[in-house]
Amino acid sequence: MHPLARYLLTRLGIGVVLAFGITLVTFTLANLVPGDPVQAALGEQASANPAIVQQFREDMGLDKPLPVQYVTYLGNLLQGDFGVSVQTRTPVALELQRAFPATAELATAAILLSILVGIGLGLMAALRRGKTVDHVIRLVSLLGISAPTFWLALVAYYVVFYQLRLLPGSGRLSPGAVPPPNVTGFYTIDSVLAGQWATFGDALSHLILPGTVLALSTIGLLTRFARSSVLDVLSLDYVRAARAKGLPSSAVTLRYVLRGALVPIITVLGIAFGSLLSGAVLTEKVFAWHGIGEYAYNGATRLDLPAVMGVGLVVGITYILINLAVDVLYGFLDPRVRRA
Amino acid sequence: MTAVENTRSRPRRFALPKALRSPLGVIGASIIAVWVVAAVLAPWIAPADPLAQSFPRLQEPGGTNILGTDAVGRDILSRVIHGARISLPLALLVVVSSMILGTVLGAIAGYFGKVLDEVIMRVADLVFAFPTIILALVIAAALGPSLTNAFIAMLVVSWPGYARVARSLVMVARQNEYVVAGRLLGASALTSLWRDVLPNVISPVLVLATLNVGAAILELSGLSFLGLGAVPPLADWGAMVSDGVHQFSSWWIALFPGLAILTVVVAFNLVGDSLRDSLDPTMAKAVNGGKR
Amino acid sequence: MRHHFLGRAVTAGVAALALLALAGCAPAGDQPDKKEGASLVVDMSFDVKTLDPGRSFERTGTLVNHVLYETLLTFNGDDVSKPVDGLASYVLSDEDKVMTLTMKDGGAFSDGSPITVDDAVFSLQRVQGIAGNPSFLLDGVTIAKTSDTTLTLTSETPNPTLAYLLPNPSLGIINSKLLTENGGSVDSDDASESFLNGTSAGSGPYILESYDATSQIVLAANPEYRGDQPAYSRIVVRNVIGETQKLNVQAGESQVAIDLNPDQVAELSADELNIKSAPSRYTIYMMLNQDPSISTITSNPDFSTAVKSALDYDKILALAGKGAERPGGVVPSMFVGTLPTERGNQFDLAAAKESLKASGYAGEEVVLHYANDVTVSGIALQPLAETVQSQLKDVGINVTLAAAPEATELDNYRAGKEEMGIWSWGADYPDPQNYIAFAPGENLGKRAGWLAGDAERVERLRAAAQAASFDDRGAAYEELQVALNEDGPFIALFQPVGNIVTAKSITGFTSNSVWTIDLASIE
């Protein structure tokens, strides 16, 4: 087998095993939650009636032993059935379908912004090592990774939306605006596909503030990482040789330095994505961005077991997929893996 | 740690003094020192009792209350100072406990290999398969809001980083001749692990721990912000920022505790960076592998 | 400086990105949807779980269902003192035990089909049969169709308040044919909830366009509505926390904000916005568990008395902001039978210390529970709990706070396991009868471990209040509350003010304590 194929298959196998493990973890954790979901869901009147409680338990499969519940759960998952939210009585899959694109769009915008700005700043700092620019960039990136995201969200909201009125502060679109026809679930992309330019501008303007806040910590992370990767590459023999040959510095930078540095930078993207999702949980509420983060928080605090399981699962699997993609990219880019 | 002290010419790369020579490291250490002093002396230096509702509500900064008052008339400055007594020790406790737990598990996995290794590292992989806050959120919500439960949640999500680093370092170290020789001379597996292998692991793990203090403070305050950590009326920074969400136009309620978090985390990151820079590159790489 | 070129390129790139970001801001200024004009945005904090009228009993659901479904009787605008005809007119007979309702002609559901007496019978029986939260409204009531235009509601005991219950949006009349086709029935087999969460099956001025329990509910005008068409053809009700509501309504992003607390309202300018304040239907109260197996401390009568005198009620009231009131008992100020403040508990530090001494309390920890994820008329319970804790500390009582999400804490409270708690009680209908729940052995009494037989005087006065004739009810309920204050486990803290803030473009609307605001009345 081609070494690259074997590498990819191994990563894929690990991913599948992890996904299975995640179902086990979400299921176990959700069942640790104290309190009776039946009471919470039915309300006082109905839960005083044993017949209704019994029926509800049967409907929800809550009367069976845990291992049986788990196997049922897995079977349902494979059919795309994530259960019914105990709180809203709406299928979790449906609610996740609504919430997921919101967070995905936000996270994608944030990660693109972080990559552009982070790598740019990292490169700039590395190339001017020891200069004022380097110090300023390092300071800014340090502040970026050190500031609590939820606090930054509040500060940004207060200054940019409340005081300066520069950008809209909450939601994905202006109130009352009709979302574009659903294709990808990303309002920016869908509105372009439908040719609704006003909606595109609206969606984009709503995306900027939460997207930037969310990106700040990953920008810090990527800047620091890009800087040190570029410095590593700059000290390598082939780069020195290229420079010694008299190649123009911009050519050297682009052809050798950036390419060499890209491999380690890519490996950190998975981590960056994880920190974005964590940030989403803490900031979505501030920006009334009705995504996975807000859903996770509400589900956990309201004892909505299927919702919590659903979010854990979706986030966990997304995270695995992202890391898988990173591994694949890494496999293609790193000659040691490609040819080993 | 006498076992470590008494060993003869084993590697002990405790690089603390050198690290502290870097100017940024000095700045970081000084900020931490200021906060530690503030935490220790809080009852004496804070102008008011952090819990006493003895002032008019929602006073702007600058008057009797230098940083203003909150929704029930407590002095924000006093609460921010007292907040250091919660955030700092708890974050350190999280880091130290997860370091010990992770290092021990990682060392066992690396030294004994086979089934133990598989089990421990697969569990670690599973934890790594979740973004930290999501898992911590679910655990803390499952156990109920309290600092103890926030601590447990953080411990569960934090140990695998140390386990990975410790495991990889132990796997390298146990090939060393003096380790093999020690076993041949009749040292038991545990003695060998404790006396010959662990000293190789300690300094990188400590550096990783220092680097993680900042993240631990951020995550703990995040849990408190979500209402899953500190229980009111405790003066906890994250919880204070969350108070500010409900009193938005009284910006001072959220601003100052947030700045407190920012300065402490910056300080720990400065010190952590300096310590890492003082490690040799291979070690530094190993340390990076444990970060998330 | 060999790297200069690249450095500049990167700088240029970053600058371009910033420009792009700024370019994106531009459309924010000119709202792209201004052309629709007739769309109204209402911000509130959601507590909605379902839009099935038979199951919904939360504020958001009630507000929305009021304009989706018509009821047999209704209230006229702000006035909840007298039920008026809705889809039917009524006559009460046989010592207030039998209510005969006569359906009016000409009503139609949003799908065009006529409203019949069968729909009315089906809707009310369904509320009882599915045993959702509002089912208690019709406890002990038998519903029967008596002719093609009439139905009777027969109660086991005299039920003069029934007419006040029928306007509740939970008793809205549903299109029975449409619902039966979609899994609806009048017993626990009913499976039409998810249908009703996607489609409204009523005859109100609006129909449901879309529903998302976490973000927003969109309503569109119902072309089949037989009354006057509402001023706005489309309403978006958004889930937004109080602070953000304030910012949105100030910024013109929304036209109506429903959950602003007095602190937030105080920061608004009356020149830019309309502010309508009215007493809310909520009573915020504290509970001391009387069950010795839960707590030997709070169940000690001297300890209860000590707590009642230890609270500085004026200072607590100040937390609720301008406009909040403190009735002397649990019955709110706008209802018959409300107790004047002077007759309520009074702050008396010396008396508190004395009672505490008599109770033998020796500094043990007592736990005060409250929900940390809800607000009552925009007021969070946490500052309140913190203040109570601090005031009790002043007399030497050590209180530990235990916050939890409402979903968790309510279970605990309902199971009677809380030692002390802070909760709110909202009247389900505008009558002091609601507050019988605070009596021993009743709904709330049981939660406090206060059982039938525990308080002879209170029970005697309770029976008197319930039996009192219309004119004597006020005095009887006042006496009951005095006894409740002295002997009971509940301490009424205050009644928040309800604020509705609207943009200047809104010239009028009606609001009341049952459905908060009548969306169809906004113009």
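Residues numbered from 1 in each chain as written. Chains lettered and ligands numbered in written order. Predicted model: local features only at pLDDT ≥ 70, side-chain atom pairs only at ≥ 80, totals over all residues.

Draft legend 1. Structural view of the overall build of chain A. What chain A contains, in helices and strands, is 14 helices and zero strands. Mapped from its N terminus to its C terminus, chain A presents α and β elements in the order α-α-α-α-α-α-α-α-α-α-α-α-α-α. Residues counted as buried form 53% of the 340 residues belonging to chain A. Relative to all contacts within chain A whose residues are 6 or more apart in sequence, the contacts with residues 24 or more apart total 70%. (Helix = DSSP H or I, 4+ residues; strand = E, 2+ residues; numbered from the N terminus. Buried ≥ 20, exposed ≤ 12 C-beta atoms within 10 Å, placed from the backbone. Contact = placed C-beta atoms within 7 Å.)

Draft legend 2. Geometry of the overall build of chain B. Secondary structure summary: chain B contains twelve helices and zero strands in total. Sequence-ordered secondary structure for chain B, helices as α and strands as β, is α-α-α-α-α-α-α-α-α-α-α-α. Considering only C-alpha atoms, chain B reaches an extent of 75 × 45 × 30 Å along its principal axes. Here chain B holds 292 residues, and 55% of them are scored as buried. When contacts within chain B are restricted to residue pairs at least 6 apart in sequence, long-range pairs at least 24 apart make up 71% of them.

Draft legend 3. Quick peek at the nonpolar core. Among the nonpolar cores identified, the biggest contains 256 residues, and Leu154 of chain A, Ile134, Ala136 and Leu137 of chain B together with Tyr285 and Leu368 of chain C are the most heavily contacted of them. A total of 19 residues in this core trace back to one element, the largest contributor, which is helix α5 (residues 92-127) of chain A. In this structure, Ile134 of chain B is in contact with Leu277, Ser278, Val281, Ala296, Gly312 and Val315 of chain A, ignoring residues within four places of it in sequence. Listed in part, the 76 residues of the second largest apolar core include Met103, Ala163, Leu179 and Val514 of chain C. (Core = buried A, V, L, I, M, F, W, Y, C linked by C-beta atoms within 7 Å.)

Draft legend 4. Quick peek at the interface of chain A and chain B. At the junction of the two partners, chain A supplies 34 residues and chain B supplies 33 residues. Counting residues per element, the ones that place at least two in the side of chain A that touches chain B are α1 (3-32), α6 (132-146), α7 (149-163), α11 (249-283), α12 (292-301) and α13 (305-333) of chain A. Tallied by class, the residues present in the side of chain A that touches chain B amount to 27 nonpolar, seven polar and no charged. (Nonpolar A, V, L, I, M, F, W, Y, C, P; charged D, E, K, R; others polar.)

Draft legend 5. Main features of the packing of helix α9 (residues 301-310) of chain C against helix α12 (residues 381-395) of chain C. Residue and element names in this part refer to chain C. Contact pair α9 / α12: the axes reach a minimum separation of 9 Å and the direction vectors enclose 115°. Relative to α12, the element α9 is oriented roughly perpendicular. Judged by the sense of rotation from one axis to the other, the crossing of α9 with α12 is right-handed. Where α9 approaches α12, its residues Ala306, Val307 and Ala310 are matched on the opposing element by Gln391, Leu392 and Val395. (Axes fitted to C-alpha atoms, helices over the stretch in contact; angles between N-to-C directions. Parallel < 35°, antiparallel > 145°, perpendicular 65-115°, else oblique. Left-handed = near helix turned anticlockwise from the far one by under 90°.)

Draft legend 6. Focus on the sheet that holds strand β1 (residues 39-44) of chain C. All names here are of chain C. In spatial order, the strands read β8-β9-β10-β1-β11-β20-β12; together these seven strands make up an open sheet with mixed pairing. On the outer flanks of this sheet lie β8 (206-211) and β12 (273-279), each paired with one strand and no other. The pairing of strand β9 (residues 216-221) with strand β10 (residues 234-239) spans five bridges and is antiparallel. The residue of β10 that forms the bridge with Val218 is Val236. The strands touched by helix α2 (residues 59-68) are β1, β8, β9 and β10; relative to β8, the strand with the most contacts, the crossing angle is about 135°. (Pairing = 2+ DSSP bridges.)

Draft legend 7. Seen up close, the environment of Tyr73 of chain A. Residue and element names in this part refer to chain A. With respect to the helices and strands, Tyr73 occurs in helix α4 (residues 66-78). For Tyr73, a count of 21 C-beta atoms within 10 Å translates into the label buried. On a C-alpha basis, the gap between Tyr73 and Ile145 in space is 38 Å, while along the polypeptide they are 72 residues apart.

Draft legend 8. Quick peek at the pairing of strand β5 (residues 98-103) of chain C. Residue and element names in this part refer to chain C. What you see with β5 is a clean split: Met99, Leu101 and Met103 sit on the buried side and Val98, Thr100 and Thr102 on the side with no burial. Looking at chain direction, strand β4 (residues 88-93) and β5 are connected through six bridges and run antiparallel. Directly across from Ser93, in β5, lies its bridge partner Val98. As consecutive antiparallel partners, β4 and β5 are separated by four residues, and within that stretch Asp94 has a phi angle of approximately 50°, a positive value.

Draft legend 9. Representation of the environment of Gln247 of chain B. By secondary structure assignment, the location of Gln247 of chain B is in the loop between α10 (237-246) and α11 (252-278). Distance from Gln247 of chain B to Ala71 of chain B, taken between C-alpha atoms, is 7.5 Å for residues 176 residues apart in sequence.

Draft legend 10. Quick look at helix α7 (residues 147-173) of chain B. With 27 residues, α7 of chain B should reach 39 Å at 1.5 Å per residue; the first-to-last C-alpha distance of 38 Å fits that figure. Maximum bend of α7 of chain B: about 30°, positioned at Val157 of chain B, with proline Pro160 of chain B one to four residues after it. (Expected span 1.5 Å × (residues − 1). Bend = angle between axes of the 7 residues up to and from the residue.)

Draft legend 11. Expanded view of the confidence of the model for chain A. Confidence along chain A averages 82 in pLDDT terms, with 88% of residues attaining 70 or more. Within chain A, the element-level pLDDT minimum falls on helix α14 (residues 335-339) of chain A, averaging 61, and the maximum on α6 of chain A, averaging 91. (pLDDT = per-residue confidence, 0-100.)

Draft legend 12. Just the packing of helix α6 (residues 132-143) of chain B against helix α9 (residues 189-225) of chain B, in detail. Residue and element names in this part refer to chain B. Taken N-terminus to C-terminus, the directions of α6 and α9 make an angle of 45°; their axes are 11 Å apart at the nearest point. As far as their axial angle goes, α9 and α6 are oblique. Considering how the two elements wind past one another, α6 and α9 form a crossing that is right-handed. Of α9, the residues touching α6 (which contributes Thr132, Ile133, Ala136 and Ala140) are Glu219, Gly222 and Leu223.

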